[in-house]
Amino acid sequence: MPQRASADGRPQAPSTPAGGKEQRVTKQRIAVSAALDELNDFVSTQELYRILQNKGVSVSLATAYRILQSLADEDLVDVLRNGDGEAVYRRCAVTVHHHHLLCRNCGKAVEVEAPAVETWAARTAQEHGYTEVAHTVEIYGLCPDCSARKGAAQ
């Protein structure tokens, strides 16, 4: 990740989020970002905090919450609510609008594009006179591995 220096010589994040405030690049921010890069599935702040603690990274839970929220605000991670209503985060490979298939059991996530959903959302909004529309669609179920394990256990 390229870094810019501020007037006092400290490194700055390369992007300016929607709010217009540049984010300082700290050891903790780099560690959170690197940990997200290593994960394939969505992770809660508490799970990420445990991962960082196990790696010996010194970051408080409150700082992890702030960094993840900042990354979400900058559209650098996807955030959604899991089946328990808890916010979970993931660095997605796809940078365009997309949706997710999520396993209720293990948390595995698959990124999917859904042109039919996009068409439906645009048409529905237009029919009701809405503009500047956004939407979120997440599909929950059991992934093939969890389905097979459930079938074998029965």
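Our structure's up above, just so we're on the same page.
Residues numbered from 1 in each chain as written. Predicted model: local features only at pLDDT ≥ 70, side-chain atom pairs only at ≥ 80, totals over all residues. Heavy atoms only, no water.

Undergrad: What's the story with the pairing of strand E4 (residues 78-81) in this structure? I'm lost.
TA: Across four bridges, the pairing between E4 and strand E5 (residues 87-90) is antiparallel. Looking at E5, one finds that arginine 81 is bridged to alanine 87. Linking E4 to E5, which pair antiparallel, is a turn of five residues; within it glycine 85 sits at a positive phi near 85 degrees. (Pairing = 2+ DSSP bridges. Helix = DSSP H or I, 4+ residues; strand = E, 2+ residues; numbered from the N terminus.)

Undergrad: Would you explain the sheet that holds strand E3 (residues 43-44) in this entry?
TA: In any sheet, the strands associate via hydrogen bonds between backbone groups, in a parallel or an antiparallel arrangement. In spatial order, the strands read E3-E5-E4; together these three strands make up an open sheet with antiparallel pairing. Edge strands, defined here as strands with exactly one partner in the open sheet, are E3 and E4.

Undergrad: I tried to follow the sheet that holds strand E6 (residues 99-103) on my own but got confused; where do I start?
TA: An order of E7-E6-E8 is seen for the three strands of this open sheet, with the pairing classed as mixed. The sheet terminates laterally at strand E7 (109-112) and strand E8 (138-141), the two strands that pair on one side only. The mean inter-strand angle of the sheet, taken between neighbouring strand axes irrespective of direction, is 20 degrees. Across four bridges, the pairing between E6 and E8 is parallel. Residue pairing for E8: histidine 100 is matched across the bridge by glutamate 138. (Axes fitted to C-alpha atoms, helices over the stretch in contact; angles between N-to-C directions.)

Undergrad: Any chance you could explain the nonpolar core here in plain terms?
TA: Generally speaking, nonpolar side chains in soluble globular proteins are found buried as a group. With 15 residues, the main nonpolar core has Val32, Leu36, Leu48 and Leu52 as its most contacted residues. For this core, the secondary-structure elements that each account for two or more residues are helix H1 (27-38), helix H2 (45-54), helix H3 (61-73) and E5. Ignoring any residue separated from it by four or fewer positions in sequence, one finds leucine 52 in contact with Ala31, Val32, Ala35, Val57 and Val59. Ranked by size, the runner-up nonpolar core spans five residues in total, among them Leu80, Val88, Leu102 and Ala109. (Core = buried A, V, L, I, M, F, W, Y, C linked by side-chain atoms within 4.5 Å. Buried < 20%, exposed > 50% of the residue type's maximum accessible area, 1.4 Å probe, protein only. Contact = heavy atoms within 4.5 Å.)

Undergrad: What is the right way to read a nonpolar patch on the surface from this model?
TA: A contiguous nonpolar patch, built from Leu101, Val110 and Ile139 and spanning about 220 Å² of accessible area, is present on the exposed surface. Here valine 110 is to be found in strand E7. (Patch = residues over 30% accessible without salt bridge, like charges linked within 9 Å, V, L, I, M, F, W, Y side chains within 5 Å. Areas by Shrake-Rupley, 256 points an atom, 1.4 Å probe, with all protein chains shown as cover. Salt bridge = Lys/Arg side-chain N within 4 Å of Asp/Glu carboxyl O.)

Undergrad: How should the layout of surface pockets be read in this particular structure?
TA: Any empty space left between the atoms is revealed when a probe the size of a water molecule rolls over them. By volume, the largest pocket amounts to about 470 Å³. If you trace the largest pocket, you find 21 residues lining it, with Asp75, Val77, Asp78, Val79 and His98 closest to the centre. Elements that contribute at least two residues to the lining of the largest pocket include exactly E4 and E6. Of all the elements, E4 adds the most residues to the lining of the largest pocket, at three residues. In the lining of the largest pocket, the residues fall into nine nonpolar, seven polar and five charged. A volume near 330 Å³ is recorded for the second largest pocket. Lining the second largest pocket are 17 residues, and of these Asn82, Val88, Cys103, Arg104 and Gly107 sit closest to its centre. (1 Å grid on protein atoms, 1.4 Å probe; cavity = no way out; pocket = protein on both sides within 12 Å on 5 of 7 lines; lining within 4 Å. Points joined across faces, edges and corners; volume = space filled by probe spheres on them. Nonpolar A, V, L, I, M, F, W, Y, C, P; charged D, E, K, R; others polar.)

Undergrad: Teacher, can you tell me more about the pattern of salt bridges here?
TA: Any two side chains of opposite charge can pair, on the condition that their charged atoms come close. Within this structure, the stated rule accounts for five salt bridges. Among the salt bridges present, the one from arginine 29 reaches glutamate 74, with a minimum N-O distance of 3.0 Å. With arginine 29 in helix H1 and glutamate 74 in the loop between H3 and E4, the pair connects residues that are 45 residues apart, well separated along the chain. Across this residue pair, the class does not change: arginine 29 and glutamate 74 are buried. Residues arginine 123 and glutamate 127 are paired through a salt bridge, measuring 3.8 Å at the closest nitrogen-oxygen approach.

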